[in-house]
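Residue-level structural notes
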Amino acid sequence: MSDEQLTILFMINPDPIFYGMMDQLIIETFQRLKVNVIVTELEELSVIVGNEITFYRKGEPIHFDAFLAYGYMAPKHYQDYMYFNFAVHSAGKITLHHPSTESILQNKLLQYLKFSENQVPIPRCGASFSLNTFKQNLRRFNDKAIIKEVEGYEGTGVKLSVNHNQSTELFCKSMWNGEQAIIQDFVDDTVGRSIRVLVIGGKAVSVTEFQDNVDFKSNGYSDDFRIESKMDSDKKQEYFKFAERACAAIDPHLTIGGVDILDSRKNGIVVLEINSWPEMTFSQEATGLPLFDQFGQEFIEKIISNNRERTNST
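Residues numbered from 1 in each chain as written. Predicted model: local features only at pLDDT ≥ 70, side-chain atom pairs only at ≥ 80, totals over all residues. Heavy atoms only, no water.

**As for the domain arrangement of the protein**
Here is the rule we go by: Per the annotation, domain bounds derive from an automatic or database assignment of domains.
The domain boundaries assigned to the protein delineate domain 1 (7-96), domain 2 (124-185) and domain 3 (189-288). Between the C-alpha centres of domain 2 and domain 3 there is a distance of 24 Å.

**A short note on the sheet that holds strand E12 (residues 203-211)**
Definition in use: Two strands make a pair as long as DSSP finds a minimum of two bridges between them. Secondary structure elements follow DSSP: runs of H or I of four or more residues count as helices, runs of E of two or more count as strands, with numbering from the N terminus. Here an angle of 0 to 180 degrees is reported between the N-to-C directions of two axes, which are lines fitted to C-alpha atoms, with helices fitted over the stretch in contact.
Read from one edge to the other, the open sheet built from five strands follows the order E13-E12-E11-E14-E15, with strand pairing classed as antiparallel. The open sheet is flanked by strand E13 (226-229) and strand E15 (268-275), the only strands paired with a single partner. Between one strand axis and the next, the sheet turns through 30° on average, direction left out of account. Relative to E12, strand E11 (residues 193-200) runs antiparallel, the two being bridged by eight bridges. The residue of E12 that forms the bridge with isoleucine 195 is glutamate 209.

**Here we look at the layout of surface pockets**
Short version of the rule: Grid spacing is 1 Å over the protein atoms alone, the probe is 1.4 Å, and a cavity is where that probe fits but cannot get out, while a pocket is an open set with protein on both sides within 12 Å along at least five of seven lines and lining residues have an atom within 4 Å of a point. Grid points are joined across faces, edges and corners, and a volume is the space filled by probe spheres set on the points.
Its volume calculated, the second largest pocket comes out at about 530 Å³. Around the second largest pocket, the lining is made up of 22 residues, and of these Met73, Tyr78, Gln106, Glu151 and Gly152 lie nearest the centre. If you list the elements that add at least two residues to the lining of the second largest pocket, you get helix H2 (75-90), helix H3 (99-105) and helix H4 (108-117). In terms of residues, the lining of the second largest pocket owes the most to one element, H2, which gives three residues.

Pasting the structure below:
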């Protein structure tokens with residue numbers, strides 16, 4: 001790693017629902033790696049765009065090499081974050097994800113389209129844009145199916161429907177709320193179980209299994225939830241391969257992604273989704289691997305490489 005002093009502008013998550021400790025852990029990681037971290041709130045930031053892009057914090061110009069925020073946010077906060085993130089990228093600085101990558105990662109339907117385009121196995125799903133077409137497509141799915149909103153996190157907006165009438169009702173509720181929902185095949189032999197592969201810099205670094213005997217989604221909501229390391233599993237390399245393929249389908253240079261996989265006896269291995277801000281503490285505790293440090297080093301290497309390219313081009 002270079003000895004040059006790097007500065008990261010780190011925005012505290014304005015909505016730390018499931019990420020209460022993540023901000024501090026990431027900040028401490030970069031400080032331990034000898035990076036200057038400017039900690040800021042979203043409300044303190046602004047930008048002026050003219051012949052050049054100038055960034056401000058509390059009304060004063062601010063200079064930094066990279067911008068980072070970590071964790072899902074409420075819609076308005078996320079919109080503001082995306083504007084600032086796009087401005088940072090447009091100014092030639094490093095962000096966690098490329099803006100176009102970010103848009104895909106926040107939308108399950110767009111992810112599935114990229115997976116299908118690149119032959120990544122997924123549970124079959126359908127998108128409809130009216131109630132009539134949804135009803136017409138229902139006959140192509142079993143009574144038991146998954147209805148999920150295309151935007152959401154930690155399993156929010158994911159429902160298990162037991163018949164076509166319930167599927168229709170759930171789709172209508174999403175339409176009523178102005179949200180797009182999709183229908184997906186229910187993989188019935190993986191209830192309460194999912195594989196989580198953490199991919200950093202395009203390479204898989206850890207694998208765990210989420211287990212829940214109460215909630216079919218295995219998202220950690222019930223008291224029965226637990227997480228188990230699969231680093232010694234005979235299928236580790238297979239899980240790694242599928243996760244890396246999924247990430248490469250969206251962005252071959254993805255900084256970090258939490259890939260959720262179902263390992264079905266009937267359907268084989270299928271990819272559910274990539275989480276753009278995966279919760280790292282569970283995986284680190286389960287595997288004993290220094291995942292925060294690996295993430296920090298990958299982000300720093302991206303900054304150093306970007307700075308070098310900008311210097312060489314001037």
